[in-house]
Amino acid sequence: MQDRYAGSPSIGRRRWLLLGGAALWSIALWRRKSVAPSTADGFLVVNGWVLPATYFATERA
Amino acid sequence: MIRDFQQVKNLSRYDVCVIGAGPAGITLALGLAAKGWRTALLEAGDREYSERSQAIYQSAQSSGTDIYPGSTRLRYLGGTSNHWAGRCRPFERDDFMRPPKGGLPGWPIAFEEMQRYLPEAMQILDLPAEGFKAINPDLLGGLFLADHWALSAPTRFGVKYAAALQTSKKLDLLLNCNCVDLLHHSSGQELDGVKVADYNGKIAVIQAEQYVLAMGALENARYLLHSDSMRAARVPGLKWAGRSFMEHCNVGLGTFVYEEGIPEADRQYFAGDVLAKQMGVGKGNISLGILQELKSYGRTAAVKTFLKKIACDMKIADKVQFVANFNCPGAGQIGTLLEQFPSYAGSRVTLLDERDFFGVRKIKVHWELSREDQYSIRTIAKEFAMQFARAGLGFVRLSDFILDEKKPIPVTPHAHHMGTTRMAASPDWGVVDKNCRVFGVNNLYVAGSSVFATGGGGNPTMPLLQLSLRLADHLHSLGRAE
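Now for a look at the structure at hand. In every chain, residue numbers begin from 1 and rise along the written sequence. All chains are assigned letters beginning at A, and all ligands numbers beginning at 1, according to the order in which they are written. With the structure being a predicted model, the display of local features is reserved for residues of pLDDT at least 70 and the display and counting of side-chain atom pairs for 80 or more, all residues being used for whole-chain, interface and lining totals. Derived side-chain values reflect all non-hydrogen atoms in the structure, with water molecules and hydrogen atoms excluded from consideration.

## Describing helix α13 (residues 461-478) of chain B
All names here are of chain B.
- Counting from the N terminus, the helices are DSSP H or I runs at least four residues long and the strands are E runs at least two residues long. Helix span, expected: 1.5 Å multiplied by one less than the number of residues in the helix. Taking 1.5 Å of rise per residue, 18 residues should cover 26 Å, and α13 covers 26 Å from first to last C-alpha, within 8% of that figure.
- The buried fraction of α13 amounts to 14 of the 18 residues, a majority that puts the element mostly inside the structure.
- One or two residues past the end of α13 sits Gly-479, with phi positive at roughly 85°. When accessible area is computed with a 1.4 Å probe and restricted to protein chains, residues below 20% of their type maximum are described as buried, those above 50% as exposed, and intermediate ones as partly exposed.

Encoded structure:
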């Protein structure tokens, strides 16, 4: 019976390729410098307004 | 002495020939004449504005974002100082220590080399003795400082120095004297002369021991590129001529409202060294102002103002922002004067095949924002918006192109033309060496903001004067031929 995986990476190698690809992708995402303020900065963006994340939890809301 | 080139019969040989009678050229020429140098100062225009002279500038073209090369420069005695606003802010130590983003080297000289000429430059510009001041305190607890600057009268060089130019015995200011070519020696490494022409067909060659181009950042590059004899001599400095053009970026970052109790006054902040170092961004001014009246520009200004008035009167301006930008009187607006990074392949001055009245090839100025510039503008906007809120001053509404990176950033110029004959340690990275001498030509120098290796976060007139004073000292240190 012909080995359908002949010439292709082994299961183990493919797993490492996948893991390596995922790692590179994560690094690329991490390196991509997003400029929008986020909750990680402690801010929300609502209709363009840059507001502290606590803005709607205060009496102001 | 001031003479009209059209009336001059005989031209003598000079110690130095300075081409261009704007702030850099006048400062340099008067400085050298005071040191005893026989100085020729060439001005293409007359003592006053004329359509005939200005038409030469108007023949320049723009691509990318328009920098308005026909109207931002003035081609008569005093040059562009005839319409500058007078804002002055010095370079900082960090500008000379930190290479700009994008891979090019920064300044090849130390900060002190420029700083020692600051007092004299301030005196020339009639700045107040107390120096550079802020109109508001720092943005507390953050990366943005209060911007410190000073305002010149503004000094009009053609007016202020007319008497000095007239009475100087060592200086000939030749009006209506248009440089049409730089004549490079066929075998040596020197300039032989400058070919000049008036508006009636008179042509002459002016010769000197040393030559200085001081025609502004667009023309300095233009004449280096135009010179066939320099190209034939394979002058190493020409590789960079016209490249790394820089402006300061005026971007409407958004709008703002002050918190209750905060005085509704204009404020000016500065994105300084710490922010630049931490975030990899440029430096520069962020201005907060309250819109006093409706303003529209362009051919449809009247229609736009009418529509804005309706939207503001009906208090629906906020709801129709998707149609156009309807800012009403009382709205807080955020403008900028931000540093642009130099680049080899981006913004630049190139020659066109078409020629002007004098047979000099016309230019095209391409201006664009690099990826690093766009990141810089967006990051400064975001950090500023957060810091403004943290400081309890109010809230910022960022423009949509700040938050959406797919949208192009609408930018307008400040008429600060820089970098086209950049200063570098070697011809691999620039046109002039640390003494402003063109690489490969022993007696050709460049004065003005075209030699800036980086643009910094301030206006260029005062720093370019500092460099002109430094160049005068350098030339004098070489000694003149007796």
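Past the structure itself, the notes keep going.
## A closer look at the sheet that holds strand β1 (residues 2-4) of chain B
Residues and elements named next belong to chain B.
- One open sheet holds the six strands; their spatial order is β1-β8-β3-β2-β12-β22, and the pairing between them is parallel. At either margin of the open sheet sits one strand with a lone partner, and together these are β1 and β22 (444-446). When strand polarity is set aside, the average angle formed by the axes of neighbouring strands in this sheet is 25°.
- In this structure, strand β2 (residues 14-19) lies alongside strand β3 (residues 39-42), joined through four bridges in parallel fashion. By the bridge assignment, Cys-17 is partnered in β3 with Ala-40.
- Two residues qualify as a contact provided that any one of their heavy atoms is within 4.5 Å of a heavy atom in the partner residue. Note on geometry: axes are lines fitted to C-alpha atoms, helical ones only across the stretch in contact, with angles between N-to-C directions running from 0 to 180 degrees. Across the face of the sheet, helix α1 (residues 23-34) comes into contact with β2, β3, β8 (171-175) and β12 (208-213) while running at roughly 165° to β3. Pairing between strands is defined by DSSP: at least two bridges between them are needed.

## Here we look at the environment of A:Leu18
- Note that A:Leu18 resides in helix α1 (residues 11-31).
- Along the primary structure A:Leu18 and A:Asn47 are separated by 29 residues, whereas in three dimensions their C-alpha atoms are 39 Å apart.

## Structural notes on the interface of chain B and chain A
- Listed by partner, the interface residues are 19 residues for chain B and 17 residues for chain A.
- A quick way to say it: buried area is the sum, across both parts, of accessible area lost when two parts are put together, with a 1.4 Å probe. Both faces combined, the contact of chain B with chain A buries some 1,600 Å², and carbon together with sulfur accounts for 64% of it.
- For this analysis, a polar contact is any N or O atom pair within 3.5 Å, provided that within protein one partner can donate a hydrogen and the other can accept it, and provided that sequence-adjacent residues contribute only side-chain to side-chain pairs. Joining chain B to chain A, the criterion identifies three residue pairs in polar contact (both at pLDDT 80 or more).
- At the level of elements, β14 (254-258), α11 (371-390), β20 (394-398) and α12 (400-403) of chain B are the ones that each hand at least two residues to the side of chain B that touches chain A.
- A per-element tally of the side of chain B that touches chain A places α11(B) first, with eight residues.
- Polar here means any residue other than Ala, Val, Leu, Ile, Met, Phe, Trp, Tyr, Cys and Pro, which are nonpolar, and Asp, Glu, Lys and Arg, which are charged; Gly is therefore polar. Of the residues that constitute the side of chain B that touches chain A, the class distribution is eleven nonpolar, two polar and six charged.
- Pairing between strand β2 (residues 49-52) of chain A and β20(B): two bridges, direction antiparallel. Paired with A:Val50 across the strands is B:Val396, a residue of β20(B).

## Concerning a nonpolar patch on the surface
- Only residues whose relative accessible area exceeds 30% and that take part in no salt bridge are eligible for patches, with like-charged residues grouped when within 9 Å of each other and nonpolar side chains (Val, Leu, Ile, Met, Phe, Trp, Tyr) grouped when within 5 Å. Each accessible area is a Shrake-Rupley result for a 1.4 Å probe, and residues are judged covered by the shown protein chains and nothing else. When a carboxyl oxygen of Asp or Glu is within 4 Å of a side-chain nitrogen of Lys or Arg, the pair counts as a salt bridge. A surface patch of nonpolar side chains, amounting to about 490 Å² of accessible area, comprises B:Val303, B:Phe306, B:Leu307, B:Ile310 and B:Met314.
- You can see B:Ile310 is positioned in helix α10 (residues 301-313).

## Some words on the side chain of B:Gln268
Residue and element names in this part refer to chain B.
- You can see Gln-268 is positioned in strand β15 (residues 267-271).
- You can call Gln-268 buried: its relative accessible area is 15%.
- The residues contacting Gln-268, other than those within four sequence positions of it, are Arg-87, Ile-135, Asn-136, Leu-145, Ala-146, Asp-147, Trp-149, Asn-285, Ile-286 and Ser-287.

## Things to note about the pairing of β12(B)
Residues and elements named next belong to chain B.
- The buried count for β12 comes to five of six residues, which makes it a mostly enclosed element.
- Both β2 and β12 contribute to a ladder of five bridges, which runs parallel. Pairing of Tyr-14 across the sheet is with Ala-208, part of β12.
- Relative to β22, β12 is paired through three bridges, and the arrangement is parallel. Bridging across to β22, Val-212 finds its partner in Tyr-445.

## A look at the nonpolar core
All names here are of chain B.
- One finds Leu-42, Trp-107, Leu-165, Leu-182 and Leu-224 to be the most contacted residues of the largest nonpolar core, which totals 97 residues.
- Element by element, the count of residues in this core is highest for α13, at eight residues.
- Apart from the residues lying within four places of it in its own chain, the contact partners of Leu-42 are Cys-17, Val-18, Ile-19, Gly-20, Ala-21, Leu-174, Cys-177, Val-194, Val-196 and Ile-206.
- Only buried residues count toward a nonpolar core. Its members are Ala, Val, Leu, Ile, Met, Phe, Trp, Tyr and Cys residues joined through side-chain atoms within 4.5 Å. Membership of the second largest hydrophobic core comes to 46 residues, among which are Ile-286, Ile-380, Ala-381 and Met-386.

## Overview of the sheet that holds strand β18 (residues 348-355) of chain B
All names here are of chain B.
- Spatial strand order, β4-β19-β18: three strands in an open sheet with mixed pairing. At either end of the open sheet lies a strand with only one pairing partner, and these are β4 (61-64) and β18. Strand after strand, the sheet turns through a mean of 30° between neighbouring axes, direction not considered.
- Relative to strand β19 (residues 361-367), β18 is paired through five bridges, and the arrangement is antiparallel. Counted as the bridge partner of Arg-355 is Arg-361 from β19.

## Notes on unusual backbone geometry
- Residue B:Pro154 follows B:Ala153 across a cis peptide bond; omega there is 5°.
- Among the secondary structure elements, B:Pro154 is positioned in the loop between β7 (150-151) and α5 (157-160).
- You will see that A:Asn47, though not glycine, has its phi angle at about 50°, which is positive.
- Looking at the secondary structure, you find A:Asn47 in the loop between β1 (43-46) and β2.
- The class for A:Asn47 is exposed, based on a relative accessible area of 54%.
- In this structure, B:Asn176 is a non-glycine residue whose phi angle is positive, near 55°.
- With respect to the helices, strands and loops of the structure, B:Asn176 is situated in the loop between β8 and β9 (178-184).
- Residue classification places B:Asn176 among the buried residues on the basis of a relative accessible area of 2%.

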